[in-house]
Amino acid sequence: MGLLANLLGKILGKGTPSPQSTAAPGAQPPPTGASTPPVAGANPPAGASAPALVVDVTAILDGLANPEKLDWRKSIVDLMKLVDMDSSFSARVELAKELHYTGSTSDSAAMNVWLHQEVIKKISENGGKVPPELLKS
């Protein structure tokens, strides 16, 4: 399993990145008791999956034990540490390769900023609800 898949699994509760999410800790199920009228043209095509559940990333990450006061919102190292992953330089270089980083890995500050932005984007693309300010490039 790749580092990205492992990271997404720890946050979203699934093992591999995909456009559809399955029920996970922190997932918000659709409201019950109220039915919504069908909208013309809104039904998924035959064989398509139901809409994915959204996972509140902030609630999950803020809810983790954090005695070091790690700042997952700004730091890839802190995000990886918070979910109990290896955050060493070599692990971050491996993650950068997995995400097709084209910059110099010897400039770790630039690589870390890029990695954090890409990982947050991947979390969002895979069913994670992240604060909008984190999705700004």
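Our subject is the structure that appears above.
Thresholds applied
- Residues numbered from 1 in each chain as written.
- Predicted model: local features only at pLDDT ≥ 70, side-chain atom pairs only at ≥ 80, totals over all residues.
- Heavy atoms only, no water.
- Salt bridge = Lys/Arg side-chain N within 4 Å of Asp/Glu carboxyl O.
- Helix = DSSP H or I, 4+ residues; strand = E, 2+ residues; numbered from the N terminus.
- Buried < 20%, exposed > 50% of the residue type's maximum accessible area, 1.4 Å probe, protein only.

1. Details of the pattern of salt bridges
According to the stated counting rule, one finds 3 salt bridges in the structure shown. A salt bridge links R73 to D62, with the shortest nitrogen-to-oxygen separation between them at 2.7 Å. Here R73 is found in the loop between helix 2 (57-63) and helix 3 (76-82), whereas its partner D62 is found in helix 2, with 11 residues between them in sequence. The exposure class assigned to D62 is partly exposed, which follows from its relative accessible area of 42%. K122 is the partner of E125 in a salt bridge, and the nearest nitrogen-oxygen pair spans 3.7 Å. Of this pair, E125 and K122 both sit in helix 5 (residues 108-125), 3 residues apart, which is roughly one turn of the helix.

2. Here's the deal with unusual backbone geometry
For K69, which is not glycine, the phi torsion reads 55 degrees and is therefore positive. Inspection of the secondary structure assignment puts K69 in the loop between helix 2 and helix 3.

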